[in-house]
Amino acid sequence: VTAQTVLGLVEPQSSGLGGGAFTLFYDANKQSLKSYDGRETAPLLSSEQLFMSDETTPMQFFDAVVGGKSVGTPGTVKLLWEMHKEHGVLPWKELLKPAIELAKKGFEVSPRLAASVARDQNRLKLDEDTAAYFLPKGRPIKEGDNLKNPIYAQTLTQLAKHGGDYFYNSDISKAIVDKVVSSSKKGLLSQADFNAYKVIERDPVCSPFYNYNVCGMGPPSSGAIAVGQILGILEHQGVHTLDSESPATWQVIAEASRLAFADREQYLADPDFISIPKGLLEDIYLKSRSQEITPSKMNTHISFGFPKGSKLNTQQAGNSPEQESTSHFVIVDKEGNIISMTSTIENSFGSRLMVKGFLLNNELTDFSFLPEKGGKLVSNRVEPGKRPRSSMAPTIVFETIGSAEKPILALGSPGGSRIINFVAHSLVRTLAWKQELQAAFDSPHIINRFGRMEIEQNTDAVNWQNFYEELSYTTVLQDINSGLHGVYFSEIGMQGAADKRREGISLGK
C-alpha cells in the first residue's frame, strides 16, 4: 500500500490511484498463492464501436488516448483496500502517511519524470489541471525541482480516514466522472461503474519449466500464459544446452515468442466474456509448437495454433495497442510472505486527465479498436463491464523438492507487451542458464513479438544485426526500457535486483 501510493506520487506517469493492477500474494504460513485482478473495466454504457471513427475505420491511437473516451473504472485503490482487509497487519491510515507527508513537503523530480514531461508537454497542456501541475507557468518541471502535490495529500487523507471504498462512492468518484464526461473526447464513465466495480480473486496460472513451477497472472492478463508458452516451447528446444551469448540461440527464443504472441492475439482476453482454450499450456501442444521452429531459419508462416478447446473459440485476433508506462515491485517480509505487483495507467501520463492530484488511465485503448475481423468477432473487443487484455506478468517461481514446493524467485517488469519477453528471458537466464538475477536483468534485450527483431541499441547485441538480416528478419536498433525487479531466494539468503535502465533499487534489512 505504501509503495504504490508513493509511486503514484513520484512516478505519476506510470501508475497511481487512477489506474489498475495485478498482484500475486504468497502466504508463507499457509504455503498458498493467490492472485488478485484489479484491472480497469469498460464503462457499462460503452459499446464495441467505442474506438471506431466509422463502421470500418478505427481511430488513430493518440486521438483515442487523450481525453475521457479512454478512461476505464480504476481498480488499484480497491485492490489495495481488499488485500489490506484480508492480509494487512498495520493500520491502513499508517500505510498512507509516507505518501501524504511526501506530497506535502515535496519530492525531488527524477531525471525520468522530467524527461517524460518534456517529451509529452504538448499533450499535457490539453487538460487544465494536468498542465498546472506538470507545466507550472507554462514550462515543464525540471530534474531536481521540488514538486509538491497538496491535492494528492488531501485525497490520501480522505482515504486514510474513510477507507479504500470511499474512493468509489464519494466526491472522488464524482470528480472522476465529471472530468471524464466533460473532457475532450467525452467518455462514458458513470457512478454506476464505480458502484459495480469488484476486485476478482482468480486462480494463478502455473506452468512447469524444468524442475520449477512458474506461476503468474491469468486472463485478462496474457502474462502467465504467454510466458509459460515461451518457456515450455524452449524446454522442448533444449534451451538449457544452448549458448546464452549466441545470436542463434536468441533466434530460437524469438521464434518461440512469435508463436506465443500469435496464440495470445487469437485467444486471450477477459475470461468472463470469452471461452479460452484449456490446452494452451499442455505439454503435448507446446511440443507441437516447438516443432514449428527451425534454428537459424525464419518461419515465414507464423500463425496461432489449435490447442485443446480451440474449436469452441471462433473469435479472431485484432489490433490492441499496448504502451509501456507501468510500475512493478516485489516485496518480501520477515515471515517470508511475498508480493509481486504490477500496476499501470497504460500510456505515459494515461489519458492526460488529472483529478484530485492523480492521473486517470487510458486503459480502454488496450482493447482492440476493431470489434471484428474477417467476419469474426475479436476476442479482445470492447464490451460493457469487460476488462481489457494486459501483458502484465507479476511472477513467483517455485522449486520442486520431492513432493514440496518452495519459492525461489519473484519478479516482474513494466514495458507494455514486451513485459512478456522481459520476464520470460530473465527466467531462461536464471533458471535454465543459472545466471545471477542482476546479471540477467542487465543483459541486452533481443525481442520479437510479431516478426520484427528488436535489438537494444548501445549493447553488444547490435553486433548480431547482420546475422538476423541474413536470415531475412526485419531488424531495428532501439532503446528498450525494461524495469525488471526481483528477489532470488538462495541458500545464503535473499538477493534483490533492479533494472539499471529505470530508477528502481533493491533494499533489504
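Right above here is the structure, for reference.
Basis of the calculations
- Residues numbered from 1 in each chain as written.
- Predicted model: local features only at pLDDT ≥ 70, side-chain atom pairs only at ≥ 80, totals over all residues.
- Heavy atoms only, no water.
- Bend = angle between axes of the 7 residues up to and from the residue.
- Helix = DSSP H or I, 4+ residues; strand = E, 2+ residues; numbered from the N terminus.
- Buried < 20%, exposed > 50% of the residue type's maximum accessible area, 1.4 Å probe, protein only.
- Contact = heavy atoms within 4.5 Å.
- Polar contact = N/O pair within 3.5 Å; in protein donor to acceptor, adjacent residues only side chain to side chain.
- Disulfide = S-S within 2.5 Å.
- Salt bridge = Lys/Arg side-chain N within 4 Å of Asp/Glu carboxyl O.
- Pairing = 2+ DSSP bridges.
- 1 Å grid on protein atoms, 1.4 Å probe; cavity = no way out; pocket = protein on both sides within 12 Å on 5 of 7 lines; lining within 4 Å.
- Points joined across faces, edges and corners; volume = space filled by probe spheres on them.
- Nonpolar A, V, L, I, M, F, W, Y, C, P; charged D, E, K, R; others polar.
- Axes fitted to C-alpha atoms, helices over the stretch in contact; angles between N-to-C directions.
- Parallel < 35°, antiparallel > 145°, perpendicular 65-115°, else oblique.
- Left-handed = near helix turned anticlockwise from the far one by under 90°.

Thoughts on helix α5 (residues 111-124)
Item 1. At A118, α5 shows its largest kink, close to 45 degrees.
Item 2. Those residues of α5 that fall on the buried side of the exposure criterion are R112, L113, A114, S116, V117, D120 and L124.
Item 3. Against the buried residues of α5 lie α1 (2-10), β3 (107-108) and α6 (128-134).

Description of the side chain of S340
Item 1. Relative to the elements of secondary structure, S340 occurs in strand β9 (residues 338-346).
Item 2. With relative accessibility at 0%, the residue S340 sits in the buried group.
Item 3. Polar contacts involving the side chain of S340 include one to the side chain of H328, which spans 3.4 Å.
Item 4. With near-sequence residues (within four places) excluded, S340 lies in contact with F22, T23, L24, H328, F329, V330, P394, T395, I396 and L411.

Here's the deal with the state of the cysteines
Here, the word disulfide means a covalent bond between the sulfur atoms of two cysteines.
Item 1. Within the structure shown, the criterion is met by 1 disulfide.
Item 2. Paired by a disulfide, C206 and C215 hold their sulfur atoms 2.1 Å apart. Since a negative S-S torsion denotes a left-handed disulfide, the C206-C215 link at about 110 degrees is right-handed.

Some points on the pattern of salt bridges
Item 1. In total, this model carries 33 salt bridges according to the counting rule given.
Item 2. Here K356 makes a salt bridge to D171, at a shortest N to O gap of 2.8 Å. Of the two residues, K356 is situated in the loop between β10 (354-355) and β11 (358-359) and D171 in helix α8 (residues 171-182); the sequence distance between them amounts to 185 residues.
Item 3. Two residues, E383 and R381, come together in a salt bridge whose shortest N-O distance is 3.6 Å.
Item 4. Classification of E383 as buried rests on a relative accessible area of 16%.

Some words on the pairing of strand β6 (residues 205-209)
Item 1. What you see with β6 is a clean split: V205, S207 and F209 sit on the buried side and C206 and P208 on the side with no burial.
Item 2. Bridge count between β6 and strand β7 (residues 212-216): 5 bridges; the pairing is antiparallel. Counterpart to P208 in the pairing with β7 is N213.
Item 3. The antiparallel hairpin formed by β6 and β7 contains 2 residues in its connecting segment, where Y210 sits at a positive phi of about 55 degrees.

Focus: the layout of surface pockets
In this approach, a probe sized like a water molecule rolls over the atoms, and the result shows the empty space that is left.
Item 1. Size it by volume and the largest pocket reaches roughly 2000 Å³.
Item 2. As for the largest pocket, its lining consists of 49 residues, and the residues nearest its centre are A3, F329, V330, I331 and V332.
Item 3. Looking at the lining of the largest pocket, the elements with two or more residues in it are α1, α3 (76-87), β3, β8 (325-332), β9, β19 (485-490) and β20 (493-498).
Item 4. Here the lining of the largest pocket is composed, by residue class, of 26 nonpolar, 15 polar and 8 charged.

What about the sheet that holds strand β5 (residues 200-202)?
Item 1. Taken together, the 5 strands give an open sheet; going across it, the order is β5-β2-β1-β9-β8, and neighbouring strands pair in antiparallel fashion. In this open sheet, the two strands that pair with only one neighbour each are β5 and β8. Each strand of the sheet is rotated relative to its neighbour by a mean of 15 degrees, with strand direction disregarded.
Item 2. As paired elements, strand β2 (residues 32-38) and β5 share 3 bridges and run antiparallel to each other. Bridged to Y36 within β5 is E201.
Item 3. The strands touched by α1 are β8 and β9; relative to β8, the strand with the most contacts, the crossing angle is about 150 degrees.
Item 4. Its contacts with the sheet put α3 on β1 (20-27), β2, β5 and β9, and the angle it makes with β2 is roughly 150 degrees.

Quick word on the pairing of β7
Item 1. Within β7, 5 of the 5 residues are buried, which leaves it mostly tucked inside the rest of the structure.
Item 2. Side chains Y212, V214 and G216 project from β7 onto one buried face, and the interleaved N213 and C215 project onto a second face that is buried too.
Item 3. Pairing of β7 with strand β14 (residues 395-401) involves 5 bridges; the strand directions are antiparallel. If you follow C215 over to β14, its bridge partner there is I396.

Examining the packing of helix α10 (residues 223-236) against helix α13 (residues 419-432)
Item 1. One way to put it is that α10 packs onto α13 with a least axis distance of 9 Å and a crossing angle of 40 degrees. Between α10 and α13, the angle falls in the class oblique. The crossing of α10 and α13 is right-handed. Along the contact surface, α10 presents G223, A226, V227, I230, L231 and L234, while α13 presents I420, V423, A424, L427 and V428.
Item 2. Here the residues of the contact of α10 with α13 sort into 10 nonpolar, 1 polar and no charged.

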